[in-house]
Amino acid sequence: MNDYDWLSTPVGIDADCWVSRSGCRTVLVVIHTMVSCQRLLDVIDYVESDPRVQVVFTVGPDAFNGPVRPYLYSLGALVLPWRQAIRERFDLAVAAACGGLAELHAPLMVMGHGAGRGKAARPRPDGGPLLTRNPVYGLDVQRLTRDGRVLPSALLLTHEYERDILKRQCPEALAVAVVAGDPCFDRLTASLHWRDRYRHALGVVPDQRLVAVSSTWGRDGLFGRAPDLLSRLMSQLPAGRHRVVAALHPAVWTAHGHRQVRAWTRDCRDAGLILLDPADDWRASIIAADLVIGDHGSVTAYGAALGRPVLQLPSAASTVAVPGSAQQLVSAAAMRLDPSRPIAAQLAAAGPVDGGRVAAALSSRPGQAAPIIRRAMYRLLDLAQPGRHRTADPVPVPVLPGGVRP
């Protein structure tokens, strides 16, 4: 299918001629990247099983949206072409990024796709003088308004400090702000009792330490700034006492291609590296880990919040963490990774940061994201909530290459 192949159902003027259930409220899930896809799949689960609701998906404009459509097809999702999605009306649209949202015709719920809004927006290389203070990405006028109007009907925040940022950057959006907490972190904490299952699935035996390596995308990420780190880990750590699992940001795979990333990591994988596919849920590996090596990305912050010792590559000068955010707390407290020094000694010296403090910076509504977000969704759909929603589910048990889950 390409972007010109419009669907006859379940939306459109003739849809009632073909559907088996008519009169459903339609929810459009706008997915820009594989990262936002995972976030939105967690959230859309709050309404998807309601027989009064029809959920459809579309792929929003983004530099890293290439893998999204085939992944959605693999899930059996009904995917509308973007050109069709912006020409139909929906009862609700849900997104975790901002590209193209002004073109939609629906009440709009917008959420973040990382560990809070913890990073300042990067200025473009061209243009006039730099601002004295870079805006916090996702809470700025540029992304939240269009033609004098606030775009979201509900703007989900993870923490009260984001409301303060919003008050400074886009006060008009305060009326639609909902402090909901972090559904990703809620699922992480709900999965802690499955830690032994995850370790077994990853092939970790009781006497081994599992080292989880996480890299965000771009030249400031670990994979870009320390390209030989994985090979040095595999050569320096005793194989019988350590396993290493790596989660590279999906944008790394999209920007360079799966074949190229696998070629760059072939020797490491031959030596025993567990390299997660970008479609895999990384959360199980962080729960299973004994230690996290990371950068300024969200996964490192989540690992620290779970109490895992952290060894962090110092942020580049171009990376600015928001004061008080989980990313800033981790950067201030974690032991610094020096890729040029022997790795084993650094791992032995690494200790946990104040996980409780980091967790408190991730969410000011711990364990409450699902009911708060669900309530907001049903309000926008103008439907009564059907009974009581279940608690957060543990994240899936990993399946290693070969497709067999132990």
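That block above? That's the structure.
Residues numbered from 1 in each chain as written. Predicted model: local features only at pLDDT ≥ 70, side-chain atom pairs only at ≥ 80, totals over all residues. Heavy atoms only, no water.

## Topic: the overall build of the protein
Moving on, step 1. Check the secondary structure of the protein and you find 18 helices and 15 strands.
Moving on, step 2. In terms of overall dimensions, the protein has a C-alpha envelope of 65 × 50 × 40 Å along the principal axes.
Moving on, step 3. Counting the 406 residues in the protein, one finds 52% classified as buried.
Moving on, step 4. Excluding contacts between residues fewer than 6 apart, the proportion of contacts in the protein whose partners are at least 24 apart in sequence is 69%.
Moving on, step 5. Accessible area for the protein stands at about 18,600 Å²; split by element, carbon and sulfur atoms hold 51% of it.
Moving on, step 6. With 45 positive and 36 negative side-chain charges, the protein shows a spacing of 4 Å between the two charge centroids. (Helix = DSSP H or I, 4+ residues; strand = E, 2+ residues; numbered from the N terminus. Buried < 20%, exposed > 50% of the residue type's maximum accessible area, 1.4 Å probe, protein only. Contact = heavy atoms within 4.5 Å. Areas by Shrake-Rupley, 256 points an atom, 1.4 Å probe, with all protein chains shown as cover. Lys, Arg positive; Asp, Glu negative; His and termini not counted. Charge placed at Lys NZ, Arg CZ, Asp CG, Glu CD.)

## Describing the layout of surface pockets
Moving on, step 1. When its volume is computed, the second largest pocket comes out at roughly 330 Å³.
Moving on, step 2. If you trace the second largest pocket, you find 19 residues lining it, with F223, G224, V252, H256 and W264 closest to the centre.
Moving on, step 3. Of all the elements in the fold, those that place two or more residues in the lining of the second largest pocket are α8 (222-225), α9 (229-236) and α10 (250-256).
Moving on, step 4. In terms of residue count, the dominant contributor to the lining of the second largest pocket is α10 (4 residues).
Moving on, step 5. Taken together, the residues that form the lining of the second largest pocket break down as 10 nonpolar, 7 polar and 2 charged. (1 Å grid on protein atoms, 1.4 Å probe; cavity = no way out; pocket = protein on both sides within 12 Å on 5 of 7 lines; lining within 4 Å. Points joined across faces, edges and corners; volume = space filled by probe spheres on them. Nonpolar A, V, L, I, M, F, W, Y, C, P; charged D, E, K, R; others polar.)

## Looking at the pattern of salt bridges
Moving on, step 1. Overall, the coordinates contain 12 salt bridges when judged by the stated rule.
Moving on, step 2. Salt-bridge contacts for E160 lead to R163; the nearest nitrogen and oxygen are separated by 3.5 Å. Placement of both E160 and R163 in helix α5 (residues 160-169) is noted, with a separation of 3 residues, approximately one turn of the helix.
Moving on, step 3. Overall, E160 belongs to the partly exposed group, its relative accessible area being 30%.
Moving on, step 4. The structure contains a network of salt bridges with shared partners spanning D42, R187, D281 and R283. (Salt bridge = Lys/Arg side-chain N within 4 Å of Asp/Glu carboxyl O.)

## Some points on the sheet that holds strand β14 (residues 310-312)
Moving on, step 1. Spatially, the 6 strands line up as an open sheet ordered β12-β11-β10-β13-β14-β15, and their pairing is parallel. Each end of this open sheet is capped by a strand with a single partner; those strands are β12 (274-275) and β15 (335-336).
Moving on, step 2. Here strand β10 (residues 209-215) pairs with strand β13 (residues 291-294) via 3 bridges, running parallel. Counterpart to V213 in the pairing with β13 is I293. (Pairing = 2+ DSSP bridges.)

## Here's the deal with helix α1 (residues 34-44)
Moving on, step 1. Within α1, 10 of the 11 residues are buried, which leaves the element mostly enclosed by the surrounding structure.
Moving on, step 2. Among the residues making up α1, those that are buried are M34, V35, S36, C37, Q38, R39, L40, D42, V43 and I44.

## What about the pairing of β13?
Moving on, step 1. Burial of the side chains of β13 extends over both faces: L291 and I293 are buried on one face and V292 and G294 on the other.
Moving on, step 2. As defined by bridge partners, β13 adjoins β14 across 3 bridges and the pair is classed as parallel. Directly across from I293, in β14, lies its bridge partner L311.
Moving on, step 3. Note that the unit made of β13, helix α14 (residues 298-305) and β14 has a crossover that is right-handed. (Right-handed = clockwise from strand over helix to strand, strands pointing away.)

## So, helix α15 (residues 326-333)
Moving on, step 1. By the burial criterion, the buried members of α15 are A326, Q327, L329, V330 and S331.
Moving on, step 2. Check the buried side of α15 and you find it contacts α14, β14, β15 and α17 (355-362).

Taken by themselves, the reported measurements are silent on function.
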